[in-house]
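Results of the structural survey
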There are 2 protein chains.
Amino acid sequence: HTYSLIHDDLPSMDNDDFRRGKLSNHKVFGESIAILTGDALLTRAFSVLTDRGINPNIDPDRCMDLVYELSLAAGGSGMVGGQTVDVVNQGRDLDLKAVEYIYKNKTGALIRGAVRLGAIAAGAAGDQLLSLTNYGEKIGFAFQIVDDILDIDGHEKNTYPFILGMEKAGEIGEGLVDEAIDSLRGFDEKADPLRMIARFLMERRH
Amino acid sequence: HTYSLIHDDLPSMDNDDFRRGKLSNHKVFGESIAILTGDALLTRAFSVLTDRGINPNIDPDRCMDLVYELSLAAGGSGMVGGQTVDVVNQGRDLDLKAVEYIYKNKTGALIRGAVRLGAIAAGAAGDQLLSLTNYGEKIGFAFQIVDDILDIDGHEKNTYPFILGMEKAGEIGEGLVDEAIDSLRGFDEKADPLRMIARFLMERRH
């Protein structure tokens, strides 16, 4: 995910000088290095997944699924696609349906993908995989709503809190987190870390 | 490879307004879309490799090798790494050793990788794979020398023709192509397309 944040912060994208209180990559190293670092990190994700030194016992069949899953989540059909629609519409007024599309792809696809990758790697299939996918979709969506609530003084207009107001957006976020936790009802306490992550989403303050 | 060309042409990189006689991606669509398109294409390569719809009969074990190979060739240990050393040293005088490193990685790694991916997909191993790897390395190196000879009026100083002169650089290119073709001596006429590609390298005029 870090790769996309480096590219996101670039002057021609969100033009952010800071990332988590520190100077962003391109402010420290320059634009060209920031672009190349993002490219290297994006590519590195696929090296890590297929490195037999790192994963000596991985089932190649499952590994192939993981690479496919990640590439769809990160690429034009996922994160990059959502970010493109966001960038193209900067400054225009979008309706809730279009913002939903951006949320689902720009942020949601990779969070959904992260959950699914872990699930597939652990051998989840069928109903279990569907439940976890559902969980990932809900928290991905909630994450972006909260992100935009925390950044409401930002310049971005195409967000849930801007269109619906802080209170209504917060309620939708809470509802999504409840649904995410509810979709884990088939899992025992081993899934508690996932429940904690979901709750943490609504509590974070930065 | 197209992904890297789109990123290469960006203002903060080579700042090229044209690519093969046409306006470059960022001139037509803007910088942000050019960055995102490059990201999407880079990611798409890994979707294509692992898409069971496209490759229904691929051996997953081999597919895993292909993804690993491509990620190393394209990423920080290959193309992106070479490009980074090139960009960081823009305007400085490098010695031949350093230019060799840039050639081997910025251009060579992905051409070598392209040859190896085809070979691995076809089941080549052992001596055959080594011979084809050697072929890929030689033509990758020769390609960049010729590229710099054809672009000698460009602004780039850290090139074989700039450091050694056109004639000497051309001789080295010819020698590499001969070595590339020689490394195919164990293959019959089925390898003729590879021999033709190698010869074509020295004949191209743009």
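Let me begin by describing the structure that accompanies this report.

Calculation notes
Residues numbered from 1 in each chain as written. Chains lettered and ligands numbered in written order. Predicted model: local features only at pLDDT ≥ 70, side-chain atom pairs only at ≥ 80, totals over all residues. Heavy atoms only, no water. Contact = heavy atoms within 4.5 Å. Buried area = accessible area lost by both parts, 1.4 Å probe. Salt bridge = Lys/Arg side-chain N within 4 Å of Asp/Glu carboxyl O. Polar contact = N/O pair within 3.5 Å; in protein donor to acceptor, adjacent residues only side chain to side chain. Helix = DSSP H or I, 4+ residues; strand = E, 2+ residues; numbered from the N terminus. Patch = residues over 30% accessible without salt bridge, like charges linked within 9 Å, V, L, I, M, F, W, Y side chains within 5 Å. Areas by Shrake-Rupley, 256 points an atom, 1.4 Å probe, with all protein chains shown as cover. Lys, Arg positive; Asp, Glu negative; His and termini not counted. Charge placed at Lys NZ, Arg CZ, Asp CG, Glu CD. Buried < 20%, exposed > 50% of the residue type's maximum accessible area, 1.4 Å probe, protein only. Least-squares fit on C-alpha atoms with pLDDT ≥ 70 in both. Expected span 1.5 Å × (residues − 1). Arc of directions from axis to C-beta. Core = buried A, V, L, I, M, F, W, Y, C linked by side-chain atoms within 4.5 Å. Axes fitted to C-alpha atoms, helices over the stretch in contact; angles between N-to-C directions. Parallel < 35°, antiparallel > 145°, perpendicular 65-115°, else oblique. Nonpolar A, V, L, I, M, F, W, Y, C, P; charged D, E, K, R; others polar. Phe/Tyr/Trp six-rings, centres within 6.5 Å; stacked < 30°, edge-to-face > 60°.

Looking now at the interface of chain A and chain B. Listed by partner, the interface residues are 37 residues for chain A and 37 residues for chain B. Of the roughly 3200 Å² buried between chain A and chain B, counting both surfaces, carbon and sulfur atoms make up 70%. In this structure, the connection of chain A to chain B is made through 4 salt bridges. Residues B:Asp61 and A:Arg52 are paired through a salt bridge, measuring 3.6 Å at the closest nitrogen-oxygen approach. Our count for the contact surface shared by chain A and chain B stands at 12 residue pairs in polar contact (both at pLDDT 80 or more). Among the elements of the structure, helix H1 (2–8), helix H3 (31–50), helix H4 (60–74) and helix H5 (79–88) of chain A are those that each provide at least two residues to the side of chain A that touches chain B.

Take a negative patch on the surface next. Residue and element names in this part refer to chain A. On the surface, Glu167, Glu171, Glu174, Asp178 and Glu203 cluster together into a negatively charged patch. Ranked by residue count, the leading element in the negative patch is helix H9 (residues 166–182), at 4 residues. With respect to the helices, strands and loops of the structure, Glu167 is situated in helix H9. Take Glu167: its relative accessible area is 64%, and that puts it in the exposed class.

Looking now at the relation of the copies chain A and chain B. Mapping chain A onto chain B is achieved by rotating through 180° and translating by 0.0 Å along the same axis, at an RMSD of 0.0 Å. Considering both components of the superposition, the chain copies are consistent with a two-fold axis. Residue A:Pro60 of chain A places its C-alpha closer to the rotation axis than any other residue of that unit, at 2.7 Å.

Take helix H9 (residues 166–182) of chain B next. Residue and element names in this part refer to chain B. For H9, spanning 17 residues, the distance from its first C-alpha to its last is 24 Å, which sits close to the expected 24 Å at 1.5 Å a residue. Those residues of H9 lying buried are Ala169, Gly170, Gly173, Leu176, Val177, Ala180 and Ile181. Take H9 and look down its axis: the buried residues cluster within an arc of 135°, on one side only. Of the exposed residues in H9, the ones pointing more than 90 degrees away from its buried face are Glu167 and Asp178. Looking at the packing, one finds that the buried side of H9 touches helix H7 (126–150), helix H8 (160–164) and helix H10 (192–203).

Let us look at the pattern of salt bridges. Following the criterion strictly, the structure yields 26 salt bridges over all chains and no others. Close ionic contact of B:Asp65 with A:Arg52 constitutes a salt bridge, the shortest N to O distance being 3.0 Å. Of this pair, B:Asp65 sits in helix H4 (residues 60–74) while A:Arg52 sits in the loop between H3 and H4, which puts the two residues in different chains. Assessed through its relative accessible area of 34%, A:Arg52 is described here as partly exposed. For B:Asp17, the salt bridge is made with B:Lys27, and the minimal N-O distance between the two is 3.9 Å. Of the two residues, B:Asp17 sits in the loop between helix H1 (2–8) and strand S1 (18–19) while B:Lys27 sits in helix H2 (residues 25–29), which places them 10 residues apart along the sequence. Relative accessible area serves as the criterion here: at 31%, B:Asp17 is assigned to the partly exposed category. A relative accessible area of 43% means that B:Lys27 is categorised as partly exposed.

Turning our eyes to something else, we now look at a nonpolar patch on the surface. Residue and element names in this part refer to chain A. Nonpolar side chains collect at one region of the surface, where Leu96, Ile152, Phe162, Ile163 and Met166 lie side by side and expose about 410 Å² of accessible area between them. Mapped onto the fold, Ile163 is located in helix H8 (residues 160–164). Judged by relative accessible area, which is 35%, Ile163 ranks as partly exposed.

Once that is clear, we can look at the nonpolar core. Core analysis: the biggest nonpolar cluster contains 101 residues, and A:Ile145 and B:Ile145 have the highest contact counts within it. Apart from residues no more than four positions distant in its own chain, B:Ile145 is found in contact with B:Tyr103, B:Tyr160, B:Pro161, B:Ala169, B:Ile172, B:Gly173 and B:Leu176.

All names here are of chain B. Under the 1.5 Å per step criterion, the end-to-end length of H10 is 17 Å for 12 residues, consistent within 8% with the ideal 16 Å. Taken together, the buried positions of H10 are Arg195, Ala198, Leu201 and Met202. Seen along its axis, H10 keeps its buried residues to an arc of 115°; they face one direction. Residues Met196 and Glu203 are exposed on H10 and point more than 90 degrees away from its buried face.

With that settled, the discussion passes to the side chain of B:Arg116. Residue and element names in this part refer to chain B. For Arg116, the location among the structural elements is in helix H6 (residues 96–121). Classification of Arg116 by relative accessible area gives buried; the value is 15%. A polar contact is formed between the side chain of Arg116 and the side chain of Glu69, at a distance of 2.5 Å. Leave out the neighbours within four places in its chain, and Arg116 touches Glu69, Leu129 and Thr133.

A pair of packed helices is characterised by two quantities: the angle between their axes and the separation of those axes. Contact geometry of H5(A) with helix H3 (residues 31–50) of chain B gives a least axis separation of 10 Å together with a crossing angle of 170°. Taken together, the axes of H5(A) and H3(B) lie roughly antiparallel to each other. Of the residues in H3(B), those in contact with A:Val80, A:Gln83, A:Thr84, A:Val87 and A:Val88 of H5(A) are B:Ser32, B:Ile33, B:Leu36, B:Asp39 and B:Ala40. Here the residues of the contact of H5(A) with H3(B) are counted per class, giving 6 nonpolar, 3 polar and 1 charged.

What follows deals with the packing of aromatic side chains. All names here are of chain A. Under the criterion given, the structure shown has 7 aromatic pairs over all chains. Note on Tyr103 and Phe141: the rings are 5.4 Å apart at their centroids and 70° apart in plane angle, and the pair reads as edge-to-face. Of this pair, Tyr103 sits in helix H6 (residues 96–121) while Phe141 sits in helix H7 (residues 126–150), and the two are 38 residues apart along the sequence. Across the pair, exposure class does not vary: Tyr103 and Phe141 are buried alike.

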